Number of protein chains: 2
Amino acid sequence: MQFEKLKMSKKIPAINAQAEAAALARQQQLTKPPGSLGRLEDLACWFAARLGSPAPAMPRCEIFVFAADHGVAARGVSAFPQSVTAQMVGNFARGGAAINVLASLEDCRIEVVDVGVASEEPPPSGVRNERVRAGTRDLAASPAMTPEELTAALGVGERCAREAASRGAQLLIAGEMGIANSTAAACLICSFTGAAPDAVVGRGTGVDDAGLTRKREVVQIALARVAAGAGAGAEARVEAGIGAGIARQTPPAALRILAELGGLEIAAMAGFYIESARHSVPVLLDGYIATAAALAAIALEPGVLSWMLASHRSAEAGHAVALEALGLEPLLDLGLRLGEGTGAALTLPIVRAALALHGKMATFGEAGVSGAVSESL
Amino acid sequence: MQFEKLKMSKKIPAINAQAEAAALARQQQLTKPPGSLGRLEDLACWFAARLGSPAPAMPRCEIFVFAADHGVAARGVSAFPQSVTAQMVGNFARGGAAINVLASLEDCRIEVVDVGVASEEPPPSGVRNERVRAGTRDLAASPAMTPEELTAALGVGERCAREAASRGAQLLIAGEMGIANSTAAACLICSFTGAAPDAVVGRGTGVDDAGLTRKREVVQIALARVAAGAGAGAEARVEAGIGAGIARQTPPAALRILAELGGLEIAAMAGFYIESARHSVPVLLDGYIATAAALAAIALEPGVLSWMLASHRSAEAGHAVALEALGLEPLLDLGLRLGEGTGAALTLPIVRAALALHGKMATFGEAGVSGAVSESL
């Protein structure tokens, strides 16, 4: 299969500029100094434009956690053994993980999707079985996925987003679990932004100094491998590593990067983001891994960016690099580095507050409150 | 009346170190890489130490909004006319202001307290009448309050906190409304931290360039006036302006600064913070004005600091100066500059999430999940 054939077809809808303008006008009438609610004002207008209403109610949110394993884990790049992926999937299924607690607080539907856990047993009850393959190949030695496997993983995410949209979801979150997936994410962020591995590779779940050194080397080896293989043919524009900007990659080149260096859960997230935008459903980006998937999604479909909101800045330093490449400024910065969708879920009450203030505060006219001195003169 | 006689008596209780240690130990057992929930982990332990439980439930929170006017408003230091204070008190009473919307979202009791609105009419129904005086005197020309007025205003805040504690409140927020109160707050922050007016005086509700220049001049005049008057007698250690640190002010000196340069609502907030700590009830600090009141409270009773949590960093640049002087790192930074307690109220769902994660996540043992590689070897 050629990457050229994996074309995305359905267009990404435009946002509703009329609803956005109406929301902006409403903000100027609320009983507060103009601009004094800072980013909450922008947030209300952002959702107005995407939910298509001048004063939208809190959108119905669903959370998907995509889980998969990574062949590169065998190289000792993580603080945890690979078996933890399957163990944590069991924990998600029993409701014991951080994202379960946050989903329950927010009354969000949560679905755990096994896209490729390295286990001989099927996923536990309550986990959706979409296992494409029991973990990727070692990305330092060979492509992590074949084009067919990549297509299947993208399709898993697309199906999940499509089903959520058809259930009436108005806001989507993708979280992930996958031991060693911060190594794959680092490779993708380097490839899509052109940043150097030193600025992008971090400790993930908390690898020690020796592990961090190994992880940096693995990323460099993988990037060099892909760069060496990209010289000829249709993917000539791929320039893994320094100097490559996300805008410079054609969709076929982006697909090749994703297959070479990505992960099954990361590909599912990229497909999820694209399909969500196609259905006019905004997404709340989580952390480091999610943002690597977002870079891939945007390289495939640039229009997806306008449906993405950054929730938080992770403690993993490379996350800031990825967010900057996307031009996104996150709402929270609380030193989180857990993944699972936790940073995004934690942002939901901020969204709720912004929309409640926007919709429920009195206007100057209703309250009989004077505007600013300069305006009243 | 001499400031020396206004001594604070009841001691500030110590935090519960045992509950804090138990919470810290629990954090290490939850199914996540240690430290991966960042500041949410610290937050859970902070509340454990103050609520006296290793895994506390969300504390019952009450919000008080203290309103008063400022004689210095006549000097054109605000973007809004003084009449807006009374108008906004009416808006609070009718539930139309930002803080009403947030209190309702969080299901918090809210009480609006008129400590000194400049109005000939009594406060509207639903507003607590504790009016000490119909606005302060112009702080650039004379002391804003007499010692008796200051005592009365401190007492209003103390009573409010005492009553809330007796109703079972476990977390308190003080918000404020008072046209020109960012001028008084700037004077206090300069006096208590020693920072220069240029670093502390900002646009408040949005004063224009000419107004900002006037505001800076007014603050400088007021600080010079107080410095000139402080040379002799018991308050010799007051050094308003450059070089004075909060630790250097004796309680009598702090009281003099508060009477000279403060506001009735700011004094009420200082009393509120002190009495809250005396009853072992933590407070969630709001923005610029609240933090000026916190500086005064801590100069009067240093032990209050350990009962204070900073909620957000305001867009008013001087707020960062005041927080730094207190050694507090806020949780949110969303460009808010409204006051009323809105930044603090917006932080409540973050507190709720931190405590829910802390209390409800499975432990490694319960979930059968392996710890880190380095620990399992």
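Here is what the cut-offs are and how they apply
Residues numbered from 1 in each chain as written. Chains lettered and ligands numbered in written order. Predicted model: local features only at pLDDT ≥ 70, side-chain atom pairs only at ≥ 80, totals over all residues. Heavy atoms only, no water. Helix = DSSP H or I, 4+ residues; strand = E, 2+ residues; numbered from the N terminus. Rg over C-alpha atoms; globule rule 2.2 N^0.38 Å. Buried < 20%, exposed > 50% of the residue type's maximum accessible area, 1.4 Å probe, protein only. Contact = heavy atoms within 4.5 Å. Areas by Shrake-Rupley, 256 points an atom, 1.4 Å probe, with all protein chains shown as cover. Lys, Arg positive; Asp, Glu negative; His and termini not counted. Charge placed at Lys NZ, Arg CZ, Asp CG, Glu CD. Least-squares fit on C-alpha atoms with pLDDT ≥ 70 in both. Axes fitted to C-alpha atoms, helices over the stretch in contact; angles between N-to-C directions. Parallel < 35°, antiparallel > 145°, perpendicular 65-115°, else oblique. Left-handed = near helix turned anticlockwise from the far one by under 90°. Nonpolar A, V, L, I, M, F, W, Y, C, P; charged D, E, K, R; others polar. Core = buried A, V, L, I, M, F, W, Y, C linked by side-chain atoms within 4.5 Å. 1 Å grid on protein atoms, 1.4 Å probe; cavity = no way out; pocket = protein on both sides within 12 Å on 5 of 7 lines; lining within 4 Å. Points joined across faces, edges and corners; volume = space filled by probe spheres on them. Salt bridge = Lys/Arg side-chain N within 4 Å of Asp/Glu carboxyl O. Pairing = 2+ DSSP bridges. Expected span 1.5 Å × (residues − 1). Arc of directions from axis to C-beta. Polar contact = N/O pair within 3.5 Å; in protein donor to acceptor, adjacent residues only side chain to side chain. Phe/Tyr/Trp six-rings, centres within 6.5 Å; stacked < 30°, edge-to-face > 60°. Buried area = accessible area lost by both parts, 1.4 Å probe.

Give a detailed account of the overall build of chain A, specifying residues and quantitative values.
Summing up its helical and strand segments, chain A has 15 helices and 6 strands in all. Here the C-alpha atoms of chain A give a radius of gyration of 21 Å, agreeing with the 21 Å that 2.2 N^0.38 yields for 377 residues. Along the first, second and third principal axes, the C-alpha atoms of chain A reach 70 × 45 × 40 Å. Across the 377 residues that make up chain A, the buried fraction comes to 61%. Sequence-distant contacts in chain A: of pairs separated by 6 or more residues, those separated by 24 or more amount to 76%. With an accessible surface of roughly 12600 Å², chain A has 53% of that area assigned to carbon and sulfur atoms. One way to put it: in chain A the 32 positive side-chain charges average out to a point 3 Å from where the 37 negative ones average out.

Would you mind going over the relation of the copies chain B and chain A in detail, with residue names and values included?
Here the second copy of the chain follows from the first by a rotation about an axis and a shift along it. When chain B is fitted to chain A, the residual RMSD is 0.0 Å, and the transformation amounts to a turn of 180° plus an axial shift of 0.0 Å. These values place the two chain copies in the arrangement generated by a two-fold rotation axis. A shared binding surface is used by both copies, with 100% of the interface residues of chain B retained as interface residues in chain A.

Tell me about the packing of helix α6 (residues 181-193) of chain B against helix α9 (residues 251-261) of chain B, residues and numbers included.
All names here are of chain B. It is at 9 Å that the axes of α6 and α9 come closest, and there the two elements cross at 155°. By the angle between their directions, the pair α6 and α9 is classed as roughly antiparallel. The handedness of the crossing between α6 and α9 is right-handed. Contacts between α6 and α9 involve Ala184, Cys187, Leu188, Ser191 and Phe192 on the former and, on the latter, Ala254, Ile257, Leu258 and Leu261. Its residues placed into classes, the contact of α6 with α9 shows 8 nonpolar, 1 polar and no charged.

Could you give an account of the nonpolar core, naming the residues involved and the relevant values?
Counting 272 residues, the largest nonpolar core has Leu40, Phe66 and Tyr273 of chain A together with Leu40, Phe66 and Tyr273 of chain B as the members making the most contacts within it. Sequence-distant contacts of Tyr273 of chain B, defined by excluding residues within four places in its chain, comprise Ala174, Val283, Leu285, Ala290, Ala293, Ala294, Ala297, Val304 and Met308 of chain B.

Describe in detail the environment of Val84 of chain B, supporting the description with residues and values.
You can see Val84 of chain B is positioned in helix α3 (residues 83-94). In this structure, the C-alpha to C-alpha distance between Val84 of chain B and Ser276 of chain B, residues 192 residues apart in sequence, is 29 Å. Beyond its immediate chain neighbours, meaning those up to four positions away, Val84 of chain B contacts Val369 and Ser370 of chain A together with Met177 and Ile179 of chain B.

Break down helix α4 (residues 98-106) of chain B for me, with residues and values.
Owing to its 3.6 residues per turn, the α-helix aligns residues three or four sequence positions apart on the same side. α4 of chain B sits mainly inside the fold: 7 of its 9 residues count as buried. Every buried residue belonging to α4 of chain B is among Ala98, Ile99, Asn100, Val101, Leu102, Ala103 and Glu106 of chain B, and all of these are buried. The secondary structure elements touched by the buried residues of α4 of chain B are α13 (342-360) of chain A together with β1 (61-68), α3, β2 (109-116) and α13 (342-360) of chain B.

Kindly report on the layout of surface pockets, identifying the contributing residues and their values.
In this structure, the second largest pocket encloses a volume near 250 Å³. Together, 16 residues line the second largest pocket, and Pro349 and Arg352 of chain A together with Glu106, Pro349 and Arg352 of chain B are the ones closest to its centre. When residues of the lining of the second largest pocket are traced back to their parent elements, those giving at least two are α4 (98-105) and α13 of chain A together with α4 and α13 of chain B. Taken together, the residues of the lining of the second largest pocket break down into 12 nonpolar, no polar and 4 charged.

Give a detailed account of the pattern of salt bridges, specifying residues and quantitative values.
Between side chains of opposite charge, a pair can form when the charged atoms approach closely. Residues and elements named next belong to chain A. The tally for this structure, following the rule as stated, stands at 46 salt bridges over all chains. Of the charged contacts, one joins Arg128 and Glu130 as a salt bridge, the two residues approaching to 2.9 Å between their closest N and O atoms. Salt-bridge contacts for Glu329 lead to Arg313; the nearest nitrogen and oxygen are separated by 3.3 Å. A residue pair is termed long-range when its members are at least 10 positions apart, and Glu329 in the loop between α12 (318-326) and α13 and Arg313 in the loop between β6 (308-310) and α12 qualify at 16 residues. Judged by its relative accessible area of 24%, Arg313 falls in the partly exposed class. Among the charged side chains, a network of salt bridges with common partners joins Arg60, Glu62, Arg109, Glu111, Arg128, Glu130, Arg159, Glu163 and Arg167.

Describe in detail the pairing of strand β4 (residues 171-177) of chain A, supporting the description with residues and values.
All names here are of chain A. Taking burial as the measure, the 7 residues of β4 include 7 buried ones, the bulk of the element. Here β4 shows no split at all, with Leu171, Ile173, Gly175 and Met177 on one side and Leu172, Ala174 and Glu176 on the other all buried. Inspection of the sheet shows strand β1 (residues 61-68) paired to β4 by 7 bridges, in the parallel sense. By the bridge assignment, Phe66 is partnered in β4 with Glu176.

Tell me what's going on with helix α1 (residues 17-29) of chain B, and back it up with residues and numbers.
Residue and element names in this part refer to chain B. Taking 1.5 Å of rise per residue, 13 residues should cover 18 Å, and α1 covers 19 Å from first to last C-alpha, within 8% of that figure. Among the residues of α1, those classed as buried are Ala19, Ala23 and Gln27. Taken end-on, α1 shows its buried residues confined to a sector of 80°, consistent with a single buried face. Of the residues in α1, the exposed ones pointing more than 90 degrees away from the buried face are Ala17 and Gln18. Contacts from the buried residues of α1 go to α2 (38-51) and α13. For α1, the N-terminal capping position is held by Asn16, with its side-chain oxygen 3.1 Å away from the main-chain nitrogen of Gln18.

Just give me the short version of the packing of aromatic side chains, but keep the residues and values in it.
In this structure the tally under the stated criterion is 10 aromatic pairs over all chains. Put simply, the rings of Phe64, Phe66, Phe272 and Tyr273 of chain A touch in pairs and so form one group of aromatic residues.

Help me get a handle on the interface of chain B and chain A, residues and values and all.
In this complex, chain B contributes 52 residues to the contact, which on the side of chain A involves 52 residues. Together, the buried faces of chain B and chain A total about 4200 Å²; carbon and sulfur atoms form 71% of this surface. Counting across the chain B and chain A interface gives 0 salt bridges. Where chain B meets chain A, there are 14 residue pairs in polar contact (both at pLDDT 80 or more).

Account for the side chain of Thr347 of chain B, naming residues and giving values.
Along the chain, the position of Thr347 of chain B falls in helix α13. Here Thr347 of chain B is in contact with Leu284, Ser311, Leu331 and Leu332 of chain B, once residues within four sequence places are set aside.

How would you sum up the environment of Ile173 of chain A? Please name residues and give values.
Its place among the elements puts Ile173 of chain A in strand β4. When the C-alpha positions of Ile173 of chain A and Glu301 of chain A are compared, they lie 18 Å apart, and in sequence the two are 128 residues distant.

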